[in-house]
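# Architecture at a glance
In case you want the letters, here they are:
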Amino acid sequence: MNSKSSSADRIREKKKIFLNREQKIIDAALALFLSDGIDRVTVSSIAAKAGIGKGTVYKHFLTKNEILVRIMLDYEESITQRLAEGIADAEAGESGAAAKAYFESRLARPELDRLVQHLEVRLIDASDVAAQLEQLHAMRRSNEDSLNSMITRLIERGVLEDVPPHYHYLACWALAQGAVELCFSRSWNYRLDSADLMKFITGVGVTIGNSGQYRDPSTIKSSAKTHKSPDSSKQ
């Protein structure tokens, strides 16, 4: 019994060391990608940053692309987890919780969000990480299914505008996307209140699509034509 127990303990300890070292590689790679750019970073520089040998990196990741896609998957998983918590809170009565979780996840570190977007463009046709990219897409499809179900119920309860469910979450995506880009705009990123601005945008995002807010532009235009000013008939 004791030998079996000690053997299992050794295996667990080795696995723990392996996983900790793997995370150390990812953390080092992420720091370098954010500071130096994707193309300037090599496996050798990642190894040096992590304080391990280059050969050790290859025990965890066969290619640089595998490191890149792992960063993407970790980021998507963090968003998925927060979104699941927000959806659960929304189902329990806090209608804006899912949107809040989504905005807070993406706007907490705009530089990371933007990096992940660049990585996705870079890896879209990379055959060596096709299986990992399918994992990424599967997570997103699952999130979309959950959002569709939640939003449909909120529409039925009269909380959200009665439009196709994807209008709601794509409006949130568009606002979050714009907010991320805003952080890197040379015209606007000189401002010192960026953190407060992101909080304000999150607040706006939480109320996007609430019932009673939507006005169809074509309806407004036609309404304006039928309600002319008193002086218009004299012109």
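Note that this is a predicted model, so its numbers are computed, not measured. (Residues numbered from 1 in each chain as written. Predicted model: local features only at pLDDT ≥ 70, side-chain atom pairs only at ≥ 80, totals over all residues. Heavy atoms only, no water.)

Turning our eyes to something else, we now look at the overall build of the protein chain. Regarding its fold elements, the protein chain presents 10 helices and zero strands. Its helices and strands taken in sequence order, the protein chain reads α-α-α-α-α-α-α-α-α-α from the N to the C terminus. A compact globule built from 235 residues should have a C-alpha radius of gyration of about 18 Å, whereas the protein chain, at 24 Å, is more than 25% larger. With 235 residues in all, the protein chain has 34% of them scored as buried. Contacts spanning at least 24 positions in sequence make up 67% of the contacts within the protein chain whose residues lie at least 6 apart. The averaged location of the 31 negative side-chain charges in the protein chain is 5 Å from the averaged location of its 32 positive side-chain charges. (Helix = DSSP H or I, 4+ residues; strand = E, 2+ residues; numbered from the N terminus. Rg over C-alpha atoms; globule rule 2.2 N^0.38 Å. Buried < 20%, exposed > 50% of the residue type's maximum accessible area, 1.4 Å probe, protein only. Contact = heavy atoms within 4.5 Å. Lys, Arg positive; Asp, Glu negative; His and termini not counted. Charge placed at Lys NZ, Arg CZ, Asp CG, Glu CD.)

For the structure on display, the rule yields one aromatic pair. Ring centres 5.8 Å apart and planes at 80° place the aromatic pair tyrosine 102 and phenylalanine 103 in the edge-to-face group. Phenylalanine 103 carries the same exposure label as tyrosine 102, and that label is buried. Positioned over the ring face of phenylalanine 184 is arginine 114, at 4.5 Å from the centre of the ring. (Phe/Tyr/Trp six-rings, centres within 6.5 Å; stacked < 30°, edge-to-face > 60°. Lys NZ or Arg CZ within 6 Å of the ring centre and 35° of its normal.)

Let us look at the nonpolar core. Counting 55 residues, the largest nonpolar core has Phe33, Ile46, Ile67, Leu123 and Met150 as the members making the most contacts within it. Among the elements of the structure, helix 1 (2-36), helix 2 (43-50), helix 4 (64-91), helix 5 (97-107), helix 6 (110-123), helix 7 (130-156), helix 8 (165-182) and helix 9 (194-206) are those that each provide at least two residues to this core. With 11 residues, the single largest contributor to this core is helix 4. If we skip the residues at most four places from it in the chain, methionine 150 touches Ile87, Ala90, Glu91 and Ala98. (Core = buried A, V, L, I, M, F, W, Y, C linked by side-chain atoms within 4.5 Å.)

The subject of this paragraph is helix 9. Between the first and last C-alpha of helix 9 there are 18 Å, a value that for 13 residues agrees with the 18 Å anticipated at 1.5 Å per step. Buried-residue contacts for helix 9 involve helix 5 and helix 8. (Expected span 1.5 Å × (residues − 1).)

So, on to the packing of helix 5 against helix 9. Interaxial distance between helix 5 and helix 9 falls to 8 Å at its minimum, and their mutual angle equals 150°. Comparing their axes, helix 9 and helix 5 come out roughly antiparallel. Of the two possible hands of crossing, helix 5 and helix 9 adopt the one that is right-handed. Within the contact between the two elements, helix 5 uses Ala99, Lys100, Phe103, Glu104 and Leu107 and helix 9 uses Met198, Ile201, Thr202, Gly205 and Val206. Residue composition of the contact of helix 5 with helix 9, by class: six nonpolar, two polar and two charged. (Axes fitted to C-alpha atoms, helices over the stretch in contact; angles between N-to-C directions. Parallel < 35°, antiparallel > 145°, perpendicular 65-115°, else oblique. Left-handed = near helix turned anticlockwise from the far one by under 90°. Nonpolar A, V, L, I, M, F, W, Y, C, P; charged D, E, K, R; others polar.)

What follows covers the side chain of glutamate 76. In this structure, glutamate 76 sits in helix 4. Beyond its immediate sequence surroundings of up to four residues, glutamate 76 is in contact with Leu136, Met139, Arg140 and Asn143.

Looking now at the pattern of salt bridges. Tallying each qualifying case throughout the model produces 14 salt bridges. In this structure, the salt-bridge partner of lysine 100 is glutamate 104, at a minimum N-O distance of 2.7 Å. Of this pair, lysine 100 and glutamate 104 both sit in helix 5, four residues apart, roughly one helical turn. Residue classification places glutamate 104 among the partly exposed positions, given a relative accessible area of 32%. (Salt bridge = Lys/Arg side-chain N within 4 Å of Asp/Glu carboxyl O.)

UniProt annotation of "DNA-binding region" (unreviewed entry) refers to residues 42-61 when read in the numbering used here. As a span, residues 42-61 carries 75% helix and 0% strand, and end to end its C-alpha atoms are 13 Å apart. (UniProt positions renumbered as here; feature names shortened; annotations may be inferred.)

Moving on to the environment of alanine 195. Locating alanine 195 in the fold gives a position in helix 9. Along the chain, alanine 195 and alanine 108 lie 87 residues apart, while their C-alpha atoms are 8.7 Å from each other.

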